[in-house]
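Structural characterization, general
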Amino acid sequence: MSVLGLALIGVGIALIATGYNRARGPWMRYQRLKAQDENVARYEAWRGGARERSRSGASVAMDVLRRQARLGVSVAIVGFLVVLAGFLVR
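This write-up is about the structure you can find in this document. For clarity, every value in this text was computed on a predicted model and none was experimentally measured.

Secondary structure summary: the chain contains two helices and zero strands in total. Whereas a compact globule of 90 residues would reach a radius of gyration of roughly 12 Å, the chain reaches 20 Å, over 25% beyond that. Seen along its three principal axes, the alpha-carbon backbone of the chain occupies a region of about 65 × 15 × 15 Å. Burial analysis of the chain (90 residues in total) assigns 21% to the buried set. Residue pairs in contact within the chain that sit at least 24 positions apart in sequence constitute 90% of those at least 6 positions apart. Carbon and sulfur atoms form 64% of the exposed surface of the chain, whose accessible area is close to 6600 Å². In the chain, the 14 positive side-chain charges and the 5 negative ones have mean positions that sit 12 Å from each other.

Here's what the structure looks like:
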């Protein structure tokens, strides 16, 4: 294995770790917000009130968190591709 291949593998592993760390936090916060939003929807349905379909602060926050998690996953995928390229370089 060449030095270039080893360097690509090292950079790829660093990108995978960075992407994972960038995606983990927003994804966990997104899941908590989503569960809270579903709980409010169940309560509103039980209470019989019509829930507004307008965008709330929570829905905007969920969009932002989803976008941040997607960016982290994209970085991890690029890292995986760099590791793969490191194995293919001779």
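This is not the end of the story, as more comes after the structure.
This brings us to the pattern of salt bridges. For the structure on display, the rule yields one salt bridge. With a shortest N-O distance of 2.2 Å, aspartate 63 and arginine 66 are connected by a salt bridge. Here aspartate 63 and its partner arginine 66 are both found in helix H2 (residues 57-88), three residues apart, which amounts to about one turn of the helix. For arginine 66, a relative accessible area of 27% translates into the label partly exposed.

Another aspect to go through is the packing of aromatic side chains. Using the criterion set out here, one finds two aromatic pairs in the structure. With centroids separated by 5.8 Å and ring planes inclined at 35 degrees, the aromatic side chains of tyrosine 43 and tryptophan 46 adopt a geometry described as tilted. Taken together, the positions of tyrosine 43 and tryptophan 46, both in helix H1 (residues 3-47) and three residues apart, correspond to about one turn of that helix.

Here we come to H2. For H2, which comprises 32 residues, the first-to-last C-alpha distance of 47 Å matches the rise-based estimate of 46 Å (1.5 Å per residue) to within 8%. Along H2, the residues classified as buried are Ser59, Met62, Leu65, Ala69, Gly72, Val75, Ala76, Gly79, Val82, Val83 and Gly86. Looking at the buried residues of H2, the elements they touch are H1.

Moving on, we get to the environment of leucine 88. Within the secondary structure, leucine 88 sits in helix H2. Along the sequence, leucine 88 and glycine 5 sit 83 residues apart, while their C-alpha atoms lie 7.6 Å from each other.

This part takes up a nonpolar patch on the surface. A contiguous nonpolar patch, built from Ile16, Val73, Ile77, Phe80, Leu81, Leu84 and Leu88 and spanning about 660 Å² of accessible area, is present on the exposed surface. Broken down by element, the nonpolar patch gets its largest block of residues, six residues, from H2. Mapping isoleucine 77 onto the fold places it in helix H2. We classify isoleucine 77 as partly exposed; its relative accessible area is 47%.

Scoring rules and cut-offs
- Residues numbered from 1 in each chain as written.
- Predicted model: local features only at pLDDT ≥ 70, side-chain atom pairs only at ≥ 80, totals over all residues.
- Heavy atoms only, no water.
- Helix = DSSP H or I, 4+ residues; strand = E, 2+ residues; numbered from the N terminus.
- Rg over C-alpha atoms; globule rule 2.2 N^0.38 Å.
- Buried < 20%, exposed > 50% of the residue type's maximum accessible area, 1.4 Å probe, protein only.
- Contact = heavy atoms within 4.5 Å.
- Areas by Shrake-Rupley, 256 points an atom, 1.4 Å probe, with all protein chains shown as cover.
- Lys, Arg positive; Asp, Glu negative; His and termini not counted.
- Charge placed at Lys NZ, Arg CZ, Asp CG, Glu CD.
- Salt bridge = Lys/Arg side-chain N within 4 Å of Asp/Glu carboxyl O.
- Phe/Tyr/Trp six-rings, centres within 6.5 Å; stacked < 30°, edge-to-face > 60°.
- Expected span 1.5 Å × (residues − 1).
- Patch = residues over 30% accessible without salt bridge, like charges linked within 9 Å, V, L, I, M, F, W, Y side chains within 5 Å.

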